[in-house]
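# Observations on chain architecture
The lines below spell out each chain.
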Amino acid sequence: MKNLLSLLFFLFIVGQSLGQTTTKGTDIIGQSFVTKTSISVKVYNPLSKEIDENFSFLLNDGTKFYVYEIVDNGYIVSVWNYKLTAEKDSFYKMLPALKERNSDNLPISRKKTGTKSYYNIFKAEVGIKTADSAKSSPLNKYNNLAYVDSWGNDMQFFIPLKDFNDKCESIYPHKRGFTWGFLTLPVKARFGNSKAPFTFEEKINFGISAGIKWQHVNTVYSASNLLGGVSVGGVKIDKDNSASAISLSAGYMYQYDKFQIGIFTGLDFIDKSGTVNWGYQGKPWVGFAIGVSLFGESKTSASGDQTQ
């Protein structure tokens, strides 16, 4: 049993080391970011590998995107998918007719920018001059629009290096999947029964847990974990005796950066071959965990199909 405890402790230390992995390395391709203020971007043609200088748009503040490619003096990015509503779809279908008018006479949006209805704001309304665009390009009908919206889903844009460094910050996208790690529950509340009273027990135990993780969209790593696991630790039989026990547990763990808090329930079992009659054998308990890095695991921020 002592050898098993030593092995679990060693695995716990290794897991904590792996849990320190972050995404602040030099390889940012696939990593997600968010704009802190509006940024002017150019359209990028992935076939010709060229930046189309004819088309310039704004990414609104709070726009989430991921880095697709690294190029000279900047990055090629793709925005997270914007939701397409019936109102937006109807407006986009009107654009060819609106293009027949002079850009200075384009209709002013009835909705103020404060409502974040940026999809129907024109460049003339925000003081941006419309550049001459390639008439044959399918993007020509969007040229008078100021902000990138659902029409820009799956497109690629160029962000200058200075704007990226000054006006963007990294963000963790939503991600759901399998997780595993090493868990310790320092405090357990044992319920009273006919053989033993209600009591709080403070014992360090180490175990392996696995389950489902929901990584939340945030500039700081945060996640919810539903976990089940098994651990080995010492339990107090009476005031003079202790014994080793196997513990089965299940519960919820929330993590914000390196701070973690969780609540678990489970059952403990000691070896019944002896003469000890333990009042909590196979009885449910509630365990509390609060602290730093109680559940060590590897983290990821690879971007998938995310929605604005």
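Residues numbered from 1 in each chain as written. Predicted model: local features only at pLDDT ≥ 70, side-chain atom pairs only at ≥ 80, totals over all residues. Heavy atoms only, no water.

## With respect to the overall build of the protein chain
- Each helix and strand counted, the protein chain has 3 helices and 16 strands in total.
- A buried classification covers 43% of the 308 residues belonging to the protein chain. (Helix = DSSP H or I, 4+ residues; strand = E, 2+ residues; numbered from the N terminus. Buried < 20%, exposed > 50% of the residue type's maximum accessible area, 1.4 Å probe, protein only.)

## Remarks on the sheet that holds strand β6 (residues 157–160)
- Spatial strand order, β3-β2-β6-β5-β4-β1-β7: 7 strands in an open sheet with antiparallel pairing. Looking along the sheet, the strands with just one partner apiece sit at the ends: β3 (50–59) and β7 (168–171). Taking the axes of each pair of neighbouring strands and ignoring which way they run, one obtains an average angle of 45° across the sheet.
- Of the pairings in the sheet, the one linking strand β2 (residues 39–45) to β6 comprises 2 bridges and is antiparallel in character. Counterpart to Lys 42 in the pairing with β6 is Phe 158. (Pairing = 2+ DSSP bridges. Axes fitted to C-alpha atoms, helices over the stretch in contact; angles between N-to-C directions.)

## Quick look at the packing of aromatic side chains
- Under the defined criterion, the tally for this structure stands at 16 aromatic pairs.
- One aromatic cluster is present, built from ring pairs that chain together Phe 57, Phe 91, Tyr 92, Tyr 119, Phe 122, Tyr 142 and Trp 151.
- The ring of Phe 57 has Lys 123 lying over it, and the distance from NZ or CZ to the ring centre is 4.6 Å.
- Taking NZ or CZ as reference, Lys 188 lies 4.3 Å from the ring centre of Trp 285, over its face. (Phe/Tyr/Trp six-rings, centres within 6.5 Å; stacked < 30°, edge-to-face > 60°. Lys NZ or Arg CZ within 6 Å of the ring centre and 35° of its normal.)

## Some remarks on the pattern of salt bridges
- Throughout the structure, instances matching the rule amount to 8 salt bridges.
- Three or more residues joined by partner-sharing salt bridges are found here, namely Lys 188, Arg 190, Glu 201 and Asp 268. (Salt bridge = Lys/Arg side-chain N within 4 Å of Asp/Glu carboxyl O.)

## Concerning the environment of Gly 262
- As for its position among the elements, Gly 262 is in strand β14 (residues 259–270).
- On the basis of relative accessible area, Gly 262 is assigned to the buried category, the value being 10%.
- In this structure the C-alpha to C-alpha distance between Gly 262 and Gly 251, which are 11 residues apart in sequence, comes to 7.3 Å.
- Here Gly 262 is in contact with Tyr 252, Met 253, Gly 287, Phe 288 and Ala 289, once residues within four sequence places are set aside. (Contact = heavy atoms within 4.5 Å.)

## Considering the environment of Tyr 119
- Note that Tyr 119 resides in the loop between α2 (86–98) and β6.
- When the C-alpha positions of Tyr 119 and Tyr 147 are compared, they lie 6.3 Å apart, and in sequence the two are 28 residues distant.
- Discounting chain neighbours no more than four positions away, the residues touching Tyr 119 are Glu 87, Lys 88, Phe 91, Tyr 92, Leu 145 and Asp 149.
- In this structure the side chain of Tyr 119 is engaged in a polar contact, spanning 3.1 Å, whose partner is the side chain of Glu 87. (Polar contact = N/O pair within 3.5 Å; in protein donor to acceptor, adjacent residues only side chain to side chain.)

## Quick look at the nonpolar core
- Grouped together as the largest cluster of nonpolar side chains are 29 residues, with contacts concentrated most on Trp 151 and Phe 164.
- Of all elements in the fold, only β2, β3, β4 (64–71), β5 (74–79), α2 and β6 reach the threshold of two or more residues within this core.
- Setting aside chain neighbours within four positions, we find Phe 164 in contact with Ile 28, Phe 33, Phe 65, Val 67, Tyr 75 and Ile 159. (Core = buried A, V, L, I, M, F, W, Y, C linked by side-chain atoms within 4.5 Å.)

## Focus: the confidence of the model for the protein chain
- Per-residue pLDDT for the protein chain has a mean of 81; in total, 80% of the residues score no lower than 70.
- Here helix α1 (residues 2–18) is the element of the protein chain with the lowest mean pLDDT, 42, and β6 is the one with the highest, 97.
- Here residues 109–115 is a poorly scored stretch, pLDDT under 50, and it has 7 contacts once near neighbours within four places are set aside; other chains count. (pLDDT = per-residue confidence, 0-100.)

## Quick look at the environment of Ala 289
- One can find Ala 289 in strand β15 (residues 284–292).
- C-alpha of Ala 289 to C-alpha of Ile 263: the two residues are 26 residues apart in sequence and 6.3 Å apart in space.

## What about the side chain of Asp 268?
- Among the structural elements, Asp 268 can be located in strand β14.
- The class for Asp 268 is buried, based on a relative accessible area of 1%.
- Side-chain polar atoms of Asp 268 contact the side chain of Trp 285, separated by 3.0 Å.

## Some points on the side chain of Lys 88
- The residue Lys 88 is located in helix α2 in this model.
- On the basis of relative accessibility, which here comes to 11%, the residue Lys 88 falls in the buried class.
- Not counting the four nearest positions on each side in its chain, Lys 88 is found in contact with Tyr 82, Lys 83, Tyr 119, Asp 149 and Ser 150.

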